[in-house]
Amino acid sequence: MAFDGRLLGGIGVVSAVVEAGSFARAGEAIGLTQPAVSRAVARLEERVGIRIFHRTARAISLTDEGRRFYEAMAPLLAGIEDVVADANQAKARVRGRLRINVDGTFGHYVLAPRIGEFLDRFPELSVEVSVRDRMGDLVADGFDVAVRFGTPEPSSYRALLLLRTRVLTCASPQYIARRGEPRRPEDLAKDHQCLLIRDPSTGRPYGWEFHRGKQVVPLHAAGQLMVNDTGSLLGACLGGAGVAQLLELYAKDLVASGRLALLLPQWAEETFPLYAYRHNSSLVSAKVRAFLDFVRELAT
């Protein structure tokens, strides 16, 4: 099929609709009326031979074919933007809007305290951060990239390991003064209150393990308190309610300042991964590359 310049314009309109969530808001964003947006989408659907959107009186959503089409085309559009930016000004390559989907632990305790550095580095870039319990559908929801702790689940997205951070066992100085310091992992099960965090995929507490070299000691951690988010876990630990297993990426400053004490440091070799998820394409936009490089820096 011969290339039609209007095809590229139609793809841009579809991208605007996905990001905005409606024909009307997409039109406002790109300077078209709602009927003009609807006509552009209809022409593109006729041109490529698929129905891209489900349309109802209340909402629109991508069809399965539309989702695959958009997932393949979005990185190409981003690449075109990068080429245009290169032609205009080398420093302007990282610009536009970057939409990021993150879990609460990464968003609240790792990214938010440092996001100002990233914004200062790229003044022509605007960033939207959405904290969500579930990653959901990146394409249908219009996200460029997602970042989450934990082992990836099977999906159609590309998963990229960004870093591994140690799992630290910590308690407040007040708690240690009251209950004493454990000498072995087994002491925690006998003489201490373990602060538990619920695994949303199972409804049960995350398991505890202690690693030293090739030795792995699993622990049946038990305590009176179980929470479902890192903020509550961290707050309870700082308040002296018990012993918690925390990620070094956000706990290291609290340990360094003395607000938390590191327990069983010789058993602190377990690591937990941080992954990025992006559209399943070999092309990566400049703004996504810049963000992923920045996240890797956060571990230093």
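This write-up is about the structure you can find in this document. (Residues numbered from 1 in each chain as written. Predicted model: local features only at pLDDT ≥ 70, side-chain atom pairs only at ≥ 80, totals over all residues. Heavy atoms only, no water.)

In terms of regular secondary structure, the protein is built from twelve helices and 13 strands. Seen through its C-alpha atoms, the protein measures out along the principal axes to roughly 75 × 40 × 35 Å. Out of the 300 residues in the protein, the part that is buried amounts to 45%. Contacts in the protein between residues far apart in sequence, at least 24 positions, make up 74% of those at least 6 positions apart. Total accessible area on the protein stands at roughly 15,600 Å², and carbon and sulfur atoms take up 51% of it. One finds the centroid of the 38 positive side-chain charges in the protein at a distance of 1 Å from the centroid of its 34 negative side-chain charges. (Helix = DSSP H or I, 4+ residues; strand = E, 2+ residues; numbered from the N terminus. Buried < 20%, exposed > 50% of the residue type's maximum accessible area, 1.4 Å probe, protein only. Contact = heavy atoms within 4.5 Å. Areas by Shrake-Rupley, 256 points an atom, 1.4 Å probe, with all protein chains shown as cover. Lys, Arg positive; Asp, Glu negative; His and termini not counted. Charge placed at Lys NZ, Arg CZ, Asp CG, Glu CD.)

So, about the packing of aromatic side chains. Under the definition given, this model contains seven aromatic pairs. An angle of 75° between the planes, with centres 5.9 Å apart, marks the rings of phenylalanine 23 and phenylalanine 53 as edge-to-face. In this pair, phenylalanine 23 is assigned in helix α2 (residues 23-30) and phenylalanine 53 in strand β1 (residues 53-55), connecting sequence segments 30 residues apart. Accessibility classification places phenylalanine 23 together with phenylalanine 53 in one group, the buried group. (Phe/Tyr/Trp six-rings, centres within 6.5 Å; stacked < 30°, edge-to-face > 60°.)

Here the focus is the side chain of threonine 63. For threonine 63, the location among the structural elements is in the loop between β2 (60-62) and α4 (64-88). What makes threonine 63 buried here is its relative accessible area of 4%. Among the polar contacts made by the side chain of threonine 63, one reaches the main-chain carbonyl oxygen of arginine 51 at a distance of 2.5 Å. (Polar contact = N/O pair within 3.5 Å; in protein donor to acceptor, adjacent residues only side chain to side chain.)

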